[in-house]
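# Examination of the molecular architecture
Okay, here's what each chain looks like letter by letter:
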Amino acid sequence: MKTAVYDLHCHSTASDGSLSPSQLVGRAREKGVTTLALTDHDTTAGLAEASLAAVVQDLKLIAGIELSANYHSHCLHIVGLNINPANEILQAGIALQHQLRAERAKQIAAKLVKKRLPDPYPSVIAAAGNGEITRLHFADFLVAQGIVSDQQQAFDRYLSKGKPGYVPTQWAGMAETVNWISAAGGVAILAHPLRYNLSHKWLNRVLDDFKQAGGMAVEVVTGRASAEDIRISAGFAIRHQLLASVGSDFHSPENQWVELGRLANLPSGLKPVWELFL
Ligand code: AMP
Ligand code: MN
Ligand code: MN
Ligand code: MN
């Protein structure tokens with residue numbers, strides 16, 4: 001029997017990934033992944049193609065999404081797994097988020113133009129194609145123009161909160177995004193808990209409210225997590241009696257630090273979220 005390898009968080013060209021859903025599934029298979037969840041930002045548009053490819057490649061595909069959510073003044077990412085993409089409540093929510101993304105993209109472009117940068121809008125629209133536009137598309141534009149040296153610098157200088165190209169966005173509230181996922185029969189997971197720069201006090205508050213809203217799991221192992229990060233995240237899972245998830249957050253083969261299926265093991269004592277949909 002093949003060893004089971006789970007990767008429950010990654011992106012395709014349906015949002016800010018660089019591989020098409022079928023290329024992504026092919027690569028996951030090559031890297032030994034046996035169960036993959038495609039979790040594009042605020043869209044399920046890549047799932048049909050990914051499911052077909054998964055049948056051909058003999059890999060189990062979990063239908064997923066990564067929803068942007070507001071919590072007080074913070075933006076959190078809520079992953080939904082094992083969702084029914086056809087669910088009307090979920091799709092109505094996705095339509096709202098799509099409007100916000102489209103509108104925000106124009107505003108980000110306008111802010112950068114005000115800073116006397118070349119207009120990113122046409123390139124970003126072209127690069128996103130039919131997919132959802134994210135700040136990563138803007139970062140890639142700034143890199144391609146030689147304005148910054150890499151994506152990180154694009155965020156540090158232009159795109160992060162407090163920087164000239166930042167546009168605050170009123171995404172749906174956290175509880176609301178959890179409700180959409182639950183309505184679609186899915187499991188809600190707080191993605192990469194340590195990437196929000198929240199104090200532990202705040203993170204405990206987030207997890208209390210998340211659980212109250214019906215959230216069931218937290219990502220404990222992510223692509224770039226250190227052993228210490230994993231230990232801390234595992235502590236939050238145990239404290240709040242949440243299931244544990246694992247996902248690379250893979251976007252592109254160009255990022256040598258993150259690979260599909262290249263993930264540390266879950267620490268013992270945690271209940272893996274995938275037991276819910278085996
Ligand atoms: P958005 O959801 O449109 O705000 O874009 C967020 C996306 O930008 C994330 O999913 C990452 O793919 C990317 N991102 C955010 N921060 C960074 C960073 N510091 N370096 C590289 N990519 C980032
Ligand atoms: Mn992304
Ligand atoms: Mn995320
Ligand atoms: Mn992600």
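Below is a short write-up of the structure. Predicted model only: the values in this text are computed from it and were never measured.

### Section: the overall build of the chain
Check the secondary structure of the chain and you find 9 helices and 7 strands. Taken over C-alpha atoms, the radius of gyration comes to 18 Å for the chain, in line with the 19 Å a tight globule of 278 residues would show. With respect to the principal axes defined by its C-alpha atoms, the chain has extents near 55 × 45 × 40 Å. On the chain, roughly 12,900 Å² of surface is accessible, and the fraction owed to carbon and sulfur atoms is 51%. Side chains of the chain carry 25 positive and 25 negative charges; the gap between the two charge centres is 7 Å.

### Structural notes on the environment of K161
Inspection of the secondary structure puts K161 in the loop between α6 (151–159) and α7 (174–183). Apart from the residues lying within four places of it in its own chain, the contact partners of K161 are S73 and Y166. Of note is the side chain of K161, whose polar atom sits 2.9 Å from the backbone oxygen of S73.

### With respect to the site of ligand 1
Looking at ligand 1, the residues that line it are D16, H41, R101, R104, T134, R135, L136, Q152, F155 and H251. A distance of 2.9 Å separates an oxygen atom of ligand 1 from a polar side-chain atom of H41. Taking R135, its side chain carries an N or O atom lying 2.7 Å from an oxygen atom of ligand 1. Elements that contribute at least two residues to the shell around ligand 1 include exactly α3 (88–114), α5 (135–144) and α6. When the residues that make up the shell around ligand 1 are grouped by side-chain class, the tally is 2 nonpolar, 4 polar and 4 charged.

### Side note on the coordination of the manganese ion (ligand 2)
In the first shell of the manganese ion (ligand 2), the protein supplies D16 (OD), H41 (NE2) and H251 (NE2), at 2.2 Å from the metal. On the primary sequence, the residues serving as donors to the manganese ion (ligand 2) are separated as D-x24-H-x209-H. A separation of 5.8 Å is found between the manganese ion (ligand 2) and the manganese ion (ligand 3). Taken together, the residues H41 in the loop between β2 (35–38) and α2 (47–57) and H251 in the segment after β7 (243–247) connect sequence positions 210 residues apart. Comparing H41 with H251 shows no difference in burial state: the two are buried.

### A closer look at α5
Think of an α-helix as 3.6 residues a turn; residues three or four steps apart then line up on the same face. All buried positions along α5 are accounted for by L136, H137, F138, A139, F141 and L142. For α5, the side-chain oxygen to backbone nitrogen distance between the N-cap and L136 is 3.0 Å, and the N-cap itself is T134. G146 occupies a position one or two residues after α5 and carries a positive phi of about 75°.

Rules behind the numbers
Throughout, residues of each chain are indexed from 1 in the direction in which the sequence is written. Chain letters start at A and ligand numbers start at 1, both assigned in the order the entries are written. It should be noted that, the model being predicted, local features are given only for residues of pLDDT at least 70 and side-chain atom pairs only at 80 or more, the latter also being counted only at that level, while totals for whole chains, interfaces and linings use all residues. Hydrogens and water molecules were not included; the side-chain quantities draw on all heavy atoms of the structure. Secondary structure elements are taken from DSSP: a helix is a run of H or I of four residues or more, a strand is a run of E of two residues or more, and numbering for both begins at the N terminus. C-alpha atoms define the radius of gyration, and 2.2 Å times the number of residues to the power 0.38 defines the globule rule. Surface exposure here means Shrake-Rupley accessible area, sampled with a 1.4 Å probe, where a residue is shielded only by the protein chains that are shown. All tallies of charge rest on Lys and Arg as positive and Asp and Glu as negative; His and the ends of each chain are not included. Lysine's charge is taken at NZ, arginine's at CZ, aspartate's at CG and glutamate's at CD. We call two residues contacting when some pair of their heavy atoms lies within 4.5 Å. Polar contact criterion, stated in full: a pair of N or O atoms within 3.5 Å, where within protein one must be able to donate a hydrogen and the other to accept it, and residues adjacent in sequence count only if both atoms are side-chain atoms. Nearness here has a simple test: a residue counts as near a molecule or strand if at least one of its heavy atoms is within 4 Å of that partner. Residue polarity follows a fixed list, in which Ala, Val, Leu, Ile, Met, Phe, Trp, Tyr, Cys and Pro are nonpolar, Asp, Glu, Lys and Arg are charged, and the others, Gly among them, are polar. Water is not part of the atom set, so a site may look incomplete; the donors themselves are N, O and S atoms within 2.8 Å of the metal, or 3.2 Å for Na, K and Ca. For each residue, the accessible area found with a 1.4 Å probe, counting protein chains only, is set against the maximum for its type, and the residue is called buried under 20%, exposed over 50%, and partly exposed in between.

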